[in-house]
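Below, each chain spelled out in residue letters.
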Amino acid sequence: MLRLLQAIASVYRQAPHGPLAAALPKLSVEPRPGTGKRKPVAQFVGQAVALGREGPLAAIADAFAATEPECDWLQNPNYSEASLGPGYVDRYGYVELVGPGRPVESADLLVGLLLLGPGMHYPDHAHPAEEIYHVVAGTAEWWREDEGWRRKRSGAVIHHVPMMRHAMRTAAEPLLALYCWTGEVKTYATMTESRR
Ligand SMILES: [Fe+2]
């Protein structure tokens, strides 16, 4: 897991603004081991890692492949089939490395990786934490309330200020994206009104 933290730190050092600068000191701490709690979404890890190895964040894809078996997979408890669509539980999940109760403890920072399976629509949602995503693998469409839909590929950086509505949808490829939250990280994302 330390290898994955180091790979993330190396990406964050390239443009250490906002949350990323705050995350850097936490990425050199020896993590507690995870328990390897599985979720069905892990079925897409192999495909996502293979795609990620072709992109600019190949070092993260490699380190994730090595680390993922010991990571705990999680899902947002606010989400349901009504909000994310039927079958979402098999195609959505994330692992967190830094955060409250995570392998590296932090009260005001989250660092993790989100995995969405192909054909997934993650509708409008928002949260009070500031967020920066780095796309590790998978070309997908990303929606932001001030920009509309944009296609992003591996290496793209996506910034959401607190409470900005955003959404994603995948097509043929799964999406693996690194994220960093700062501020009010204990409040989960919630769905906003319309579906985009
Ligand atoms: Fe978000």
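**Things to note about the coordination of the iron ion**
Every protein donor of the iron ion is accounted for by His127 (NE2), Glu131 (OE), Glu131 (OE) and His166 (NE2), and the metal-donor separations fall at 2.1 to 2.5 Å. Every donor residue of the iron ion comes from the same chain, spaced as H-x3-E-x34-H. Highlighted residues: glutamate 131 in strand S6 (residues 130-137) and histidine 166 in strand S10 (residues 166-170), separated in sequence by 35 residues. The two residues glutamate 131 and histidine 166 agree in class, both being buried.

**Brief notes about the environment of arginine 13**
With respect to the helices and strands, the residue arginine 13 is situated in the loop between helix H1 (2-12) and helix H2 (19-23). Linking arginine 13 and glycine 93, residues 80 residues apart in sequence, is a C-alpha distance of 26 Å.

**Comments concerning the packing of helix H3 (residues 45-52) against helix H4 (residues 58-67)**
H4 packs onto H3 with a crossing angle of 150 degrees between their chain directions and a minimal axis gap of 8 Å. Judged by the angle between their axes, H3 and H4 are roughly antiparallel. H4 is crossed by H3, and the crossing has left-handed handedness. Contacts between H3 and H4 involve Val45, Val49 and Gly52 from the former and Ala58, Ala61, Phe64 and Ala65 from the latter.

**Observations regarding unusual backbone geometry**
Despite not being glycine, methionine 163 shows a phi value in the positive range, around 65 degrees. Locating methionine 163 in the fold gives a position in the loop between strand S9 (157-160) and S10. Given the relative accessible area of 48%, methionine 163 is considered partly exposed.

**Regarding the packing of aromatic side chains**
Tallied over the entire structure, the rule returns nine aromatic pairs. An angle of 50 degrees between the planes, with centres 5.8 Å apart, marks the rings of tyrosine 79 and tyrosine 92 as tilted. Taken together, the residues tyrosine 79 in the loop between strand S1 (73-74) and helix H5 (81-84) and tyrosine 92 in strand S2 (residues 92-99) connect sequence positions 13 residues apart. Of the residues examined, tyrosine 79 reaches a relative accessible area of 6% and is grouped as buried.

**Quick word on the environment of arginine 144**
Along the chain, arginine 144 turns up in strand S7 (residues 140-144). Here arginine 144 falls in the buried class, since its relative accessible area comes to 17%. Sequence-wise, arginine 144 and histidine 159 are 15 residues apart; in three dimensions their C-alpha atoms are separated by 9.3 Å. For arginine 144, the contacting residues outside a window of four places in its chain are His159, His160, Met164, Arg165 and His166.

**Things to note about the environment of serine 10**
You can see serine 10 is positioned in helix H1. Taking the C-alpha atoms as reference, serine 10 lies 27 Å from proline 128; in sequence the two are 118 residues apart.

**Examining the nonpolar core**
As a rule of thumb, nonpolar side chains are buried together in soluble globular proteins. Counting residues in each nonpolar core, the largest one holds 39 residues, and the members touching the most others are Ile8, Tyr12, Ile60, Phe64, Leu97 and Leu113. Elements with a contribution of two residues or more to this core: H1, H2, H3, H4, S2, strand S4 (109-116), S6 and strand S11 (175-182). Top element by residues in this core is H1. It accounts for seven residues. If you look at the next biggest cluster of nonpolar residues, it comprises 25 residues, including Leu116, Ala129, Ile158 and Val185.

Conventions used here
- Residues numbered from 1 in each chain as written.
- Predicted model: local features only at pLDDT ≥ 70, side-chain atom pairs only at ≥ 80, totals over all residues.
- Heavy atoms only, no water.
- Donors = N, O, S within 2.8 Å, 3.2 Å for Na, K, Ca; no water.
- Helix = DSSP H or I, 4+ residues; strand = E, 2+ residues; numbered from the N terminus.
- Buried < 20%, exposed > 50% of the residue type's maximum accessible area, 1.4 Å probe, protein only.
- Axes fitted to C-alpha atoms, helices over the stretch in contact; angles between N-to-C directions.
- Parallel < 35°, antiparallel > 145°, perpendicular 65-115°, else oblique.
- Left-handed = near helix turned anticlockwise from the far one by under 90°.
- Contact = heavy atoms within 4.5 Å.
- Phe/Tyr/Trp six-rings, centres within 6.5 Å; stacked < 30°, edge-to-face > 60°.
- Core = buried A, V, L, I, M, F, W, Y, C linked by side-chain atoms within 4.5 Å.

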